[in-house]
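# Working through the structure, step by step
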Amino acid sequence: MTNLVQIGDHRRSSDSRTDESSGARPKRQRRPEWLRIRLATPEKYRQVQSLVNRLNLHTVCQEARCPNIYECWGEHGTATFMILGDVCTRRCGFCAVTSGRPPAGPDPDEPAHVAEAVAAMDLRHAVITSVDRDDLADGGAEHFAQTIRAVRHRSPSTTIEILTPDFLKCAPDALETVVAARPDVFNHNLETVPGLYPTVRPGARYFHSLRLLQRVKEIDPSIFTKSGIMVGLGEDRQSVAQVMDDMRAADVDFLTIGQYLQPTPKHHAVDRFVTPEEFAGYEKTAFGKGFLMVSATPLTRSSYHAGDDFARLRANREAKLANA
Ligand code: SF4
């Protein structure tokens, strides 16, 4: 069955913000036309769902209540695997993943299960992310590396993209452990402009995250680096342009920008809905600043169309090298 709905209408929560002038209860913001999606659960969607359940895997598509799940699972048969459990040790203001103390260490079978799922789904480009695990000495770095190796062993022609935490509170060699496993794309999101970190990303440090991305390139320049931000949280254009400059200074190759959507009324409110024209403006500005690849649309998420975008990213690098 296919329905055209507003994103979020299929769950209990809705975007809202406090009417500060009256002190009234949060008001629902009506979502614009460009954020309408198709809800569909065709056979392909159910196949992905049953595979994920059978292998006891988690996906960020479900945990973060991604609006693109019906397209990614149902039309493209793809998903983004979330390793290291489904409980995050951080409490970011934008994120729907459960926060708390994870009940256990990494599941030793998880790397093989992710590899089995990637093979069963016949993915040409696999995206793997995780919760933050500040409770682990290496932040889960070795588990990331094991998962990359397991996928590569099982599906040697599949390219691998990882979206990692910041490894802020763990051993300094954690990043090297992950990079040594040689993912094709190393993604770490800055999430928002630095001025909004205290409310949006309170457990993180903007310049630490930038430095992490820069270090990946220093350790292995052949790995593509990628980072993203959400807009509609209260940032201004100048701050977004500054983030782009900071990313380019850290040699980031690929920038993603998408509309923030409030997962529940307890999360950071949506400040406004950025128009598709403004997203097109951000994309143009970012390409002008030298990114090899940019995805800036209301529905852009780190892993949205990641396989097709990776092919463009690689082609753009080859073209740049050919013209150098
Ligand atoms: S955009 Fe990414 S997180 Fe969202 S459904 Fe698609 S693969 Fe999953």
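So, here's what we can say about the structure. (Residues numbered from 1 in each chain as written. Predicted model: local features only at pLDDT ≥ 70, side-chain atom pairs only at ≥ 80, totals over all residues.)

Helix and strand counts for the protein chain stand at eleven helices and 14 strands. What you see for the protein chain is a C-alpha radius of gyration of 19 Å, in line with the 20 Å of a compact globule of 324 residues. Dimensions of the protein chain, computed from C-alpha atoms along their principal axes, come out at roughly 60 × 45 × 40 Å. In the protein chain, which comprises 324 residues, the share counted as buried stands at 46%. (Helix = DSSP H or I, 4+ residues; strand = E, 2+ residues; numbered from the N terminus. Rg over C-alpha atoms; globule rule 2.2 N^0.38 Å. Buried ≥ 20, exposed ≤ 12 C-beta atoms within 10 Å, placed from the backbone.)

In this structure, D122 is a non-glycine residue whose phi angle is positive, near 55 degrees. Here D122 shows up in the loop between helix 4 (110-121) and strand 9 (125-130).

Mapped onto the elements, L261 comes out in the loop between strand 13 (254-259) and helix 10 (276-288). Separated by 166 residues in sequence, L261 and C95 place their C-alpha atoms 9.6 Å apart.

Moving on: the site of the ligand. Surveying the vicinity of the ligand reveals the residues V60, C61, C66, N68, I69, C72, T78, A79, T80, R301, S303 and Y304. Contributions of two or more residues to the shell around the ligand are made by helix 2 (60-63) and helix 3 (69-74). Its residues placed into classes, the shell around the ligand shows seven nonpolar, four polar and one charged. (Near = placed C-beta within 6 Å. Nonpolar A, V, L, I, M, F, W, Y, C, P; charged D, E, K, R; others polar.)

Summarising the element assignment, S99 is placed in strand 8 (residues 98-99). Along the primary structure S99 and P276 are separated by 177 residues, whereas in three dimensions their C-alpha atoms are 32 Å apart. Not counting the four nearest positions on each side in its chain, S99 is found in contact with C88, R90 and R91. (Contact = placed C-beta atoms within 7 Å.)

Bringing helix 9 (residues 237-249) into the picture now. Across its 13 residues, helix 9 extends 18 Å between first and last C-alpha, which sits within 8% of the 18 Å expected from 1.5 Å per residue. Residues of helix 9 that are buried include every one of V240, V243, M244, D246 and M247, and no others. Taken down its axis, helix 9 places every buried residue within 160 degrees of arc, on the same side. Set apart from the buried face of helix 9 by more than 90 degrees, the exposed residues are Q238, D245 and A249. The positive-phi residue at the C-terminal boundary of helix 9 is D251, with phi of around 70 degrees. (Expected span 1.5 Å × (residues − 1). Arc of directions from axis to C-beta.)

Within strand 10 (residues 159-163), five of the five residues are buried, which leaves the element mostly enclosed by the surrounding structure. Here strand 10 shows no split at all, with T159, E161 and L163 on one side and I160 and I162 on the other all buried. Both strand 9 and strand 10 contribute to a ladder of five bridges, which runs parallel. Bridge assignment links T129 to a residue of strand 10, and that residue is L163. Considered for its hand, the β-α-β crossover made up of strand 9, helix 5 (residues 141-154) and strand 10 is right-handed. Alignment of strand 10 against strand 11 (residues 185-187), held across three bridges, turns out to be parallel. When the sheet's bridge partners are listed, I162 is paired in strand 11 with F186. Between the parallel elements strand 10 and strand 11, the chain passes through helix 6 (residues 174-180) in a crossover that is right-handed. (Pairing = 2+ DSSP bridges. Right-handed = clockwise from strand over helix to strand, strands pointing away.)

Let's shift gears to the sheet that holds strand 12 (residues 224-231). With mixed pairing, eight strands are arranged side by side in an open sheet as 5-6-9-10-11-12-13-14. If you trace the sheet from one side to the other, it starts and ends with strand 5 (58-59) and strand 14 (293-296), each paired once. Sheet topology places strand 11 next to strand 12; three bridges connect them, and they run parallel. Bridge pairing in strand 12 links F186 to T225. Together, strand 6 (80-83), strand 9 and strand 10 form the strand contacts of helix 5, whose direction differs from that of strand 10 by roughly 160 degrees. Sitting on the sheet, helix 10 touches strand 13 and strand 14, and the angle it makes with strand 14 is about 165 degrees. (Axes fitted to C-alpha atoms, helices over the stretch in contact; angles between N-to-C directions.)

So, on to the pairing of strand 12. Burial analysis of strand 12 places eight of its eight residues in the buried class, which makes it a mostly covered element. Residues F224, K226, G228 and M230 of strand 12 are buried on one face, and the alternating residues T225, S227, I229 and V231, pointing to the opposite face, are buried as well. The sheet contact formed by strand 12 and strand 13 spans six bridges and is parallel. The partner of M230 across the bridge, within strand 13, is G258.

Function-wise, these values are silent; they only describe arrangement.
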